[in-house]
Amino acid sequence: QRVYTVLVKLTTMAERTGSHSLKVLSWNIDGLDGKDIQDRTESVCDFIAANQPDVVYLQEVVSKTMGIIGSKLDSSYEGYTAHSPPAHYYPAILVRKSSIQVQGSLECLNFPHSCMGRHLLQLPVKFSDLEIQLMTSHLESMKDYGRERKDQLRSAFEIMTKLQASKICIFGGDLNLRDNEVRNVGLPKKTVDVWEACGSVEEEKYTWDVSANDNLNWPYGNKPKLRFDRVYLSPSDGKLRPKSFSLVGKERLPRCGRFPSDHWGLWMEFGVETQ
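Residues numbered from 1 in each chain as written. Predicted model: local features only at pLDDT ≥ 70, side-chain atom pairs only at ≥ 80, totals over all residues. Heavy atoms only, no water.

Draft legend 1. Structural view of the sheet that holds strand S2 (residues 21-28). With mixed pairing, six strands are arranged side by side in an open sheet as S4-S5-S3-S2-S16-S15. Because the sheet does not close on itself, it has two edges, and the strands there are strand S4 (77-80) and strand S15 (240-248). Strand-to-strand twist across the sheet, computed as the mean angle between neighbouring axes with direction ignored, equals 20 degrees. Sheet analysis places S15 next to strand S16 (residues 265-272), joined by eight bridges and oriented antiparallel. From the neighbouring strand, Val 248 faces S16, where its bridge partner is Gly 265. Along the sheet, helix H1 (residues 37-51) makes contact with S2, strand S3 (55-61), S4, strand S5 (90-96), S15 and S16, crossing S2 at roughly 175 degrees. Sitting on the sheet, helix H2 (residues 63-73) is in contact with S3, S4 and S5, with an inclination near 5 degrees to S5. (Pairing = 2+ DSSP bridges. Helix = DSSP H or I, 4+ residues; strand = E, 2+ residues; numbered from the N terminus. Axes fitted to C-alpha atoms, helices over the stretch in contact; angles between N-to-C directions. Contact = heavy atoms within 4.5 Å.)

Draft legend 2. Main features of the environment of Ala 92. Along the polypeptide, Ala 92 turns up in strand S5. Given a relative accessible area of 0%, Ala 92 falls into the buried group. Through-space distance from the C-alpha of Ala 92 to that of Leu 130 is 22 Å; in sequence the pair is 38 residues apart. What Ala 92 contacts, discounting residues up to four positions off in sequence, is Val 56, Tyr 57, Leu 58, Val 61, Met 66, Tyr 80, Thr 81, Leu 121 and Thr 136. (Buried < 20%, exposed > 50% of the residue type's maximum accessible area, 1.4 Å probe, protein only.)

Draft legend 3. Inspection of the pattern of salt bridges at higher detail. In this structure the tally under the stated criterion is 14 salt bridges. Between Asp 33 and Arg 258 there is a salt bridge, with its nearest N and O atoms 2.7 Å apart. Taken together, the residues span a long stretch of sequence, with Asp 33 in the loop between S2 and H1 and Arg 258 in the loop between S15 and S16 at a distance of 225 residues. Neither residue differs from the other here; Asp 33 and Arg 258 are each classed as buried. Across the pair Arg 252 and Asp 214 runs a salt bridge, and its minimum N-O distance is 3.0 Å. Taken together, the positions of Arg 252 in the loop between S15 and S16 and Asp 214 in the loop between strand S12 (208-209) and strand S13 (225-226) put the pair 38 residues apart, joining distant regions of the chain. Residue classification places Arg 252 among the partly exposed positions, given a relative accessible area of 43%. Salt bridges linked by common partners bring Asp 33, Asp 36 and Arg 258 together as one network. (Salt bridge = Lys/Arg side-chain N within 4 Å of Asp/Glu carboxyl O.)

Draft legend 4. Representation of the nonpolar core in the model. By size, the foremost hydrophobic cluster in this structure holds 34 residues, and its most contacted members are Leu 22, Leu 123, Ile 132, Leu 134, Ile 170 and Leu 240. Those residues in contact with Leu 123 that sit more than four places away from it in its chain are Tyr 80, Ile 93, Val 95, Val 102, Gly 104, Ser 105, Leu 106, Ile 132, Gln 133 and Leu 134. Ranked by size, the runner-up nonpolar core spans 18 residues in total, among them Leu 58, Val 61, Ile 69 and Ala 92. (Core = buried A, V, L, I, M, F, W, Y, C linked by side-chain atoms within 4.5 Å.)

Draft legend 5. Representation of the pairing of S3. For S3, a buried count of seven out of seven residues is recorded, marking the element as mostly surrounded by other parts of the structure. Pairing of S2 with S3 involves five bridges; the strand directions are parallel. Its bridge partner lying in S3, Val 24 is registered against Val 55. As a crossover connection, the stretch from S2 through H1 into S3 is right-handed. Pairing of S3 with S5 involves five bridges; the strand directions are antiparallel. Opposite Tyr 57, over in S5, you have Ile 93 as the bridge partner. (Right-handed = clockwise from strand over helix to strand, strands pointing away.)

Draft legend 6. Local environment of unusual backbone geometry. Following Ser 234, the chain continues to Pro 235 via a peptide bond in cis, the omega torsion being -5 degrees. For Pro 235, the location among the structural elements is in the loop between strand S14 (229-234) and S15. One non-glycine residue, Glu 60, lies in the positive phi region at around 55 degrees. Structurally, Glu 60 is set in strand S3. On the basis of relative accessibility, which here comes to 11%, the residue Glu 60 falls in the buried class.

This is the structure we're talking about:
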């Protein structure tokens, strides 16, 4: 397997003044759709600036949207992508400078059998006194590529399992998963699906919902809705516990009349247990 290691700048830890919780946003921002891309990407940046998540996982970032993100959020966030992404669209990690201390280098693991340039980003950070491995990916798309997608999921779960004894792992993104695929791979011990851990609320389930989101101009009679985007936490009995989960980005933008993306964003808060 080919691994890229990218040097990153250390960020000074600022004193936290808010409540003791970690805020995480994961969102496929659909940079592959060039229509209204400026307006849509700026709206995502405005949401981030207003709500100040500590960690942001983005998927389907392209060079144009990364430029917009940098110009809008550079003062508050440090952004990380693969040094040489194997495809023209890729995942990114943003960390809030005032609350997250980066502990080392970003690693990019290319999935060796992907035909879509898919890869896994890992970034070691510190939040409060917690050592956390941030992990995001955009797993292989489409139903016919389920076997490769399961292999990619299995690789990520193996990394989480190996790190359980030493640090907390938060793995998520647009994973394109179906429930039966997760069952086939098997959820590792002491690992939880954050949506499930927060009560499996039906209204917050479907992250890609053509029946409610018309950005794609879906031409077929059936209107699928699927839980493609997921986030996993390990270990589940550690000092970081899922506290809330909700979907965001459901308001149409006033200028273009569309949603920020064809995916809803995932907003999560994790409570920090102090002992």
